[in-house]
Amino acid sequence: MIEHEEIKGLLKKYERDKISIATICSHSALQIFHGARREGFRTIGITTEDRKIAYDAFPLARPDEYIVVRSFSDIMKEEVQGELRRRNAIVVPHGSFVEYVGLKDLEDSFLVPMFGNRRALEWEGDRRRQREWLERAGLRLPRELPGPDKITGKAFVKFGGAKGGKNFFTASSEREFYNKLEELKRRGRISGEDERTLVIQEFVCGVRYYIHYFYSPINGRLELFGMDKRIEVIDEAYRGLPDVPEEFFDYTVTGNQPVILRESLLPSVIKMGYDVVKASQELFYPGLIGPFCLETMFHPDKGFIVFEISARIVAGTNLYPSGSPYTCYIFDEPMSTGRRIAREIKVAIERDLLEKVVY
Ligand code: AMP
C-alpha cells in the first residue's frame, strides 16, 4: 500500500498553479473533465486511440490533452506515471479505472496523487470488509448465505468487482445454483477469479435507489448529490409476458434513469450517509473523502436495504452534468459531482490543504 507520506512528498514537488486533473477516458470521464474545466483546471485523458472519437465529439468536455496508451493497464507503466507527475496531475478514480487498472496495482504501485482515500477503494473492493463497514454504520443489509446448500428461498448470486451486474443470477435451490454456475463456466462467461469472489445473498424485494453523496473533509459537510436507478436487462422482462424468455433474467447495467425520492424518506437517506462516513472514519481514518454511492432497495415495511457501496464517483451521476434536483438546493450554480470534485481540489489548493483530499 502506497503510504500517504509518499504522496505528500510528490505533492510538495507539484507546481500548485499548474495542477491538472486526469482520468481514464471511460465511465464518468466526460463529467469529470467538464467539471474540472469549469473550475479552471487543465485536463488530461488517458485513452486508447479508438476512444478519442467519443471525447473529441464533446468540445466542452474533451480533455485538453491525451496520453494515448495501447491498453488501460499501461497506466501502470513508469513512463505513463512519470508523465502524469510531470504534468502535476491529480487522478480521479472512477469505476472503470479501478476495474481496468486492478485494485492491487492501484494501491501498491500507482505512485501518482489521487483524489480521495485509497483505503476506501480497498474497503469497497473486499466484500467481507465492505460488509463490516456497512454493518458498523448500522445499515440494514441483505442476509448472506454461507453456501449454496443453505439456499431455501430465492437467492441472489453475485461476483466481485465493478462489473455492473454481469452474470449475476438467481437460484431457488442448491441444484439450480450449480446448474446455472456450470452453464456460466461452460460458456466461458466467468473466470476462476470470479468464482472465488462469488457471494450468495437473500433476494431482496423493493424499489432500487442509487444514492449519490459527497463528503467534504474540508468543511465537514455531507451533501446529497442526486439519485438514479440503473437500467438492467431484467427491467424489460415484462415485454416477454406471458412467457418471459430466460435471456431477460440478466442484471447487466446498460444505463441509468433519474429518480427522486418522497421527501419524507430524505431524513433516512441523509442519516445513512452520515453513518457511513462516521464508520469509515473509525475503520480507516480519515475515512471517505469526496463522492460515494449507496445502492439500496426501499421496501415499504423494511425501509432501506443497502446491497452495495461505491467509494468513488458512480456512472449514475452522469445524469446530472448541470446539477440535480438536490444540488440546486445546496449550490447557487450548476454543480455536477465531477465539478464538485474539482471544486474540492481548488479550495484545498487555495487553503493549502491538498494533503487532506489527495492520497
Ligand atoms: P451490484 O453490482 O451489487 O450493484 O448489483 C447489480 C444489480 O443486481 C442491482 O442493481 C440489483 O438489480 C441486483 N441485486 C444486487 N443484489 C441484490 C439482492 N440481494 N437481491 C436482489 N437483487 C439484487
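In this report, we go over the structure that sits alongside the text.

Attention now moves to the overall build of the protein. On a plain count of helices and strands, the protein comes out with 13 helices and 13 strands. Compactness check: the protein gives a C-alpha radius of gyration of 21 Å against a globular reference of 21 Å for 359 residues, within 12% of the reference. For the protein, the C-alpha atoms occupy an extent of roughly 60 × 45 × 40 Å along the three principal directions. Counting all 359 residues of the protein, 55% fall into the buried class. Intrachain contacts of the protein at a sequence separation of at least 6 include 63% that bridge at least 24 residues. Of the roughly 16,600 Å² of accessible surface on the protein, a fraction of 49% belongs to carbon and sulfur atoms. Side-chain charges of the protein comprise 54 positive and 55 negative groups, with the mean position of each set lying 1 Å from the other.

This part covers the nonpolar core. Judged by nonpolar contacts, the single largest core of 51 residues is most densely connected at Leu84, Phe97, Phe110, Phe115, Ile345 and Leu354. Here this core gets 6 residues from one element, more than from any other, and that element is helix α12 (residues 337-350). If near-sequence neighbours (up to four positions away) are discounted, phenylalanine 97 is found in contact with Thr23, Ile24, Ile75, Val91, Val92, Gly102, Leu106, Phe110 and Met114. Within the second largest apolar cluster, 34 residues are counted, among which are Ile211, Val276, Phe298 and Ile309.

So, about the site of the ligand. For the ligand, the set of nearby residues contains 17 residues, the closest of which are Lys158, Tyr210, Glu232, Glu295 and Glu308. Contacts to the ligand include glutamate 202, whose backbone N or O atom sits 3.1 Å from a nitrogen atom. A distance of 2.5 Å separates an oxygen atom of the ligand from a polar atom in the side chain of glutamate 308. Within the complex, the protein chains bury 97% of what would otherwise be the 480 Å² of accessible surface of the ligand.

What the rule picks out here adds up to 3 cavities of 30 Å³ or more. Lining the largest cavity are 16 residues, and of these Pro93, Phe115, Gly116, Ala311 and Arg312 sit closest to its centre. It is helix α7 (residues 118-125) that provides the largest number of residues to the lining of the largest cavity, a total of 3 residues. Its residues placed into classes, the lining of the largest cavity shows 12 nonpolar, 2 polar and 2 charged. Reported here for the second largest cavity is a volume of approximately 90 Å³.

The next point concerns the side chain of serine 310. Within the element layout of this structure, serine 310 appears in strand β13 (residues 303-310). A polar side-chain atom of serine 310 sits 3.1 Å from a polar atom in the side chain of glutamate 295. Every residue in contact with serine 310, bar those within four places of it in the chain, is listed here: Glu124, Phe292, Cys293 and Glu295.

Let us look at the sheet that holds strand β10 (residues 221-232). A sheet is described by the order of its strands in space; here 5 strands give the open sequence β11-β10-β9-β12-β13, paired in antiparallel fashion. Both edges of this open sheet fall to β11 (253-258) and β13, since each of them pairs with a single strand only. When the angles between neighbouring strand axes are averaged without regard to direction, this sheet yields 35 degrees. Looking at chain direction, strand β12 (residues 290-299) and β13 are connected through 7 bridges and run antiparallel. Each bridged residue has a counterpart across the sheet, and for phenylalanine 298 the counterpart in β13 is phenylalanine 304. Across the face of the sheet, α12 comes into contact with β9 (207-216), β10 and β12 while running at roughly 15 degrees to β9.

Rules used throughout
Residues numbered from 1 in each chain as written. Predicted model: local features only at pLDDT ≥ 70, side-chain atom pairs only at ≥ 80, totals over all residues. Heavy atoms only, no water. Helix = DSSP H or I, 4+ residues; strand = E, 2+ residues; numbered from the N terminus. Rg over C-alpha atoms; globule rule 2.2 N^0.38 Å. Buried < 20%, exposed > 50% of the residue type's maximum accessible area, 1.4 Å probe, protein only. Contact = heavy atoms within 4.5 Å. Areas by Shrake-Rupley, 256 points an atom, 1.4 Å probe, with all protein chains shown as cover. Lys, Arg positive; Asp, Glu negative; His and termini not counted. Charge placed at Lys NZ, Arg CZ, Asp CG, Glu CD. Core = buried A, V, L, I, M, F, W, Y, C linked by side-chain atoms within 4.5 Å. Near = heavy atom within 4 Å. Polar contact = N/O pair within 3.5 Å; in protein donor to acceptor, adjacent residues only side chain to side chain. 1 Å grid on protein atoms, 1.4 Å probe; cavity = no way out; pocket = protein on both sides within 12 Å on 5 of 7 lines; lining within 4 Å. Points joined across faces, edges and corners; volume = space filled by probe spheres on them. Nonpolar A, V, L, I, M, F, W, Y, C, P; charged D, E, K, R; others polar. Pairing = 2+ DSSP bridges. Axes fitted to C-alpha atoms, helices over the stretch in contact; angles between N-to-C directions.

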